[in-house]
Structures are given as structure tokens and as C-alpha cells.
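Overview (structure and organization)
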Amino acid sequence: MTSSVSALQAVRSAGGYDVGRIRADFPILDLKVNGKPLVFLDNAASSQMPRPVIERLERYQTAEHANIHRGVHYLSETATAAYEGARRTVARFINAPEEREVIYTRGTTDSINLVMHGYGRAFIGENDEIIVSQLEHHSNIVPWQMLCEEKGAKLRVIPCNDAGELLLEEYGRLFNARTKLVAITHVSNALGTINPVKEMIATAHGHGVPVLVDGAQAIPHMKVDVRDLDCDFYAFSAHKMCGPTGIGILYGKARLLEKMRPFEGGGDMILSVTFEKTTYNVIPHKFEAGTPPIAAGIGLGATIDYLEGIGMERIAAHEHELIAYATGQFEKLDGVRIVGTAREKAAVLSFSVKGVHPHDVGTILNEDGIAVRTGHHCAQPVMQRFGIPATARASFYLYNTLAEVDALVAGVRRVQKIFG
Ligand SMILES: Cc1ncc(COP(=O)(O)O)c(C=O)c1O
């Protein structure tokens, strides 16, 4: 750690964002990996869990667990109240107009597939068109391709420039009378680009077209207001925002959700069943068949309480400092290319080191205790756009420090020395 970084960090702590205190909430950050302190920079894939969320899960398992929605006994009522309370917390967090517009899913992928099955299969037909962007994660491409295959519909793709910014004029030109849905990511997981989704939603609505936003990489890092965005659907996962795996959210406007078919059939999603006819439950339960991951849902509520306790704006400001500092340091490294240089960028740094395969970069960094992700990041069309098979990607979160950026830079220098 350089002395200038120490000074900067101290000033920041004095200003109220005490990264040391935040780090103390995350037991896993005390790990040593290969004898070195863990430097965890793989947050875009999955982030770590703070002690208040771990403790909330423990409390649930040790004193509150029973199946929900079905019992009149103490534990079932306690678990139901906690699970539905977490739904209220989510609704408030994203400023959803109504709680029933918040559907629990297994994660972003599941949320998008729910819309594909429930909305796409009912309202998108032969020769209809779905607009996606060149920056999408596979989970916002493949479900739509499957729908196109089934229905004879077509995918139209918004291109991006060399910085990784979507070309909005091209986007505007993609609409026609057959356009039935826009499905775009809020933040690119591979490049970090923050897309102007509010503006893009307004454009789509001008053509009478609904919009699904993949918010997997946005919701952990910035204040998201679905009412202000006016999105029709918004999908995200808890595990990328310090929460548990196996749970996520689909927000949808009630008038659309009410028209949609359920994705899965089973218990909890019905009002009545006879062999002649089943009447579906009201939203959101119509989309929540079977016993859900109750603990994970309650954990998601605790996660939101934790993030709000720090403040989403303050988290975003901290991450902005990290990415600005990391970008400046990487620009000084000869033979290192930053992939994704959008003006509006989240704290994601994708890069390649000349003459070194990204997997080798990742392996050598791991020797120093540094966790980065290497590969195509489930976004192969992005890699194709930039003419590369893979990158190394450092992705930062609320507990990362400028000193960890320095460790990353030193690690990359070591990679270059080994391969030099
Ligand atoms: C932009 C984006 N969309 C969707 C997903 C899929 O999320 P999950 O695997 O939690 O369903 C990811 C995960 O990396 C992502 O980054």
C-alpha cells in the first residue's frame, strides 16, 4: 500500500464511509489464501455475506422455521410473517407501487425465464420481434432465442461502440410494428457499462412496447427505482448483493402479471383444484409454486436492511472511487488493455494482458490471494464484438479498498514479469 493511498483512505473514513468497519462485518474477508490475505474481486459473479445476514439466517433456522402460508401454528405464522415481511422490504427498496408486483424467484435467470414463459409464449408470435442488446448476459439472450425457435419470432440486436456503449440511434431504428418486447441489461456484467435504461424504456413505450430490465449487476450497486424507470419487468438475484443464493426477484407491473400464465404449476399457486378445472391464485402467488427457499427470502430482506443501513448512494460513491482509481492505475500499465471504457461505468474492470491467456492471469493472481474471474463471463457476444475469447475481470463492491486495487496492480505486474 502506498502512503498516498493510505492518506486517501483515511480521509474517506473520516468522511463517513468507514470501509474498515464494513469489512469487519464480513467474516470471510479474514481468510488467507495461499498464505496471503484474501483480495476478493469477483463480486459480479457472487458477493460475500455480512454477519447480520448470517445471523438472521441462523435465527430463522434455530427459532422460526416451518413451511409458510399453510399453517395456523406459531412457527408457520412466524415464518410466513418474516417471509412476507421481506417481500415488503423488497417492494419498498425498489419503490414498487404494490407489494403484489414483487415475485420471489430463484434468481435473475429464473425471473427472465418466467417472463419468457408467462408473457412471451402468450403474447409473442410468428415474425414478431424481440430487441436485446449486444451487452447481454446469456440469461437474457438464450430464453428469448428459445422463444424465437418455438414461435418463429426474431431477435434484433442493439449494437455497441468500441467503448461498450449502446448505439441509441440504432436502437430507435430497430422498432417496427412487429416489435413486441425489449429485454436489456441495466449494467453489463462483462464491461461495466451502465445503460441509459430510463431513456431506452421511454423510447420503447413511445412504440407501445414493454421492457424487461436485467438488473442483476445494477441493484447491488445503485439506487434502483422501478417506478421512476417505468420498466415493465425488473429482474435481479440476492447473491450479488450480499444475500443468499437460490433467491431472486421479478418485479412486474400488475396489469401485465395478471394477464400472464403461470410458469410452474403446483401447491401454493392455486385457489382451488378439481380434476375438471384449476383456478390460479392471485399475483404474486400465481407465480410461486411449491415450497420456496424461505430462509433465503428472509435473508434477502436482512440483506436489504444491511445495504440501506450503509446507504446505496454512499456505496455507489465508494465504488466510483475504486473504479476511477483502478482505471487510472491500469492505464499506466504497458501491455494491458481495458475492455469496456464507457463514460457511465460500474465498478467492473475487464482487461487483457498482452501475450498472456486470461486464465493464466487469474491463476497467478490467485497465488497472491487475489480472486478475479476469467473467461467469457457468460457474455460471449460481447467477447465476439471485441474480437477476444475472454478477459480477466476485477469487480469491486462495498468492502473493497484502494489498497486492494494496489495489490491487483502489483499482481498484474508480476504476471507480466513471469511471462515477460
Ligand atoms: C447481467 C447478468 N444477468 C443475469 C445474470 C444471471 O444471474 P443468476 O445466475 O443469479 O441467475 C448475471 C450473473 O452473472 C448477470 O451478471
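To keep things clear, this report deals only with the structure shown in the data block. (Residues numbered from 1 in each chain as written. Predicted model: local features only at pLDDT ≥ 70, side-chain atom pairs only at ≥ 80, totals over all residues. Heavy atoms only, no water.)

Some remarks on the state of the cysteines
- Applying the stated criterion across every chain yields a total of zero disulfides.
- As a non-bridged cysteine, C148 has C378 as the owner of its nearest cysteine sulfur, 20 Å distant.
- Judged by relative accessible area, which is 11%, C148 ranks as buried. (Disulfide = S-S within 2.5 Å. Buried < 20%, exposed > 50% of the residue type's maximum accessible area, 1.4 Å probe, protein only.)

Remarks on helix α5 (residues 108–123)
- If you check α5, its first and last C-alpha atoms are 21 Å apart, about what 16 residues at 1.5 Å a residue would give, namely 22 Å.
- Along α5, the largest kink reaches about 30° and is centred on M116.
- Residues T108, D110, S111, I112, N113, L114, V115, M116, G118, Y119 and G120 constitute the buried set of α5. (Helix = DSSP H or I, 4+ residues; strand = E, 2+ residues; numbered from the N terminus. Expected span 1.5 Å × (residues − 1). Bend = angle between axes of the 7 residues up to and from the residue.)

Some words on the nonpolar core
- One finds I94, V182, Y234, M241, L307 and L398 to be the most contacted residues of the largest nonpolar core, which totals 78 residues.
- Top contributing element to this core by residue count: helix α11 (residues 294–310), with nine residues.
- For M241, the residues in contact, after removing those within four places along its chain, are S47, F93, I219, P220, F236, L300, T303, I304, L307 and Y397.
- Ranked by size, the runner-up nonpolar core spans 29 residues in total, among them A326, L333, V356 and I370. (Core = buried A, V, L, I, M, F, W, Y, C linked by side-chain atoms within 4.5 Å. Contact = heavy atoms within 4.5 Å.)

Some words on the site of the ligand
- Residues in contact with the ligand, as listed here, are T108, T109, H137, S139, T185, N189, D214, A216, Q217, S237, H239 and K240.
- T109 is positioned such that a nitrogen or oxygen atom in its side chain is 2.6 Å from an oxygen atom of the ligand.
- Contact with the protein chains hides 84% of the accessible area of the ligand, taken as 390 Å² for the molecule alone.
- Of the residues contributing to the shell around the ligand, the split by class is one nonpolar, nine polar and two charged. (Near = heavy atom within 4 Å. Polar contact = N/O pair within 3.5 Å; in protein donor to acceptor, adjacent residues only side chain to side chain. Areas by Shrake-Rupley, 256 points an atom, 1.4 Å probe, with all protein chains shown as cover. Nonpolar A, V, L, I, M, F, W, Y, C, P; charged D, E, K, R; others polar.)

Quick word on the sheet that holds strand β14 (residues 348–353)
- Pairing is antiparallel in the open sheet, where four strands are placed in the order β13-β14-β17-β16. The open sheet is flanked by β13 (336–339) and β16 (373–375), the only strands paired with a single partner. Pairs of neighbouring strands in the sheet enclose a mean axial angle of 30°, with direction left out of account.
- As defined by bridge partners, β13 adjoins β14 across four bridges and the pair is classed as antiparallel. Bridge pairing in β14 places R337 opposite S352.
- Its contacts with the sheet place helix α13 (residues 358–367) against β14, β16 and β17 (391–395), and it is angled at close to 160° to β16. (Pairing = 2+ DSSP bridges. Axes fitted to C-alpha atoms, helices over the stretch in contact; angles between N-to-C directions.)

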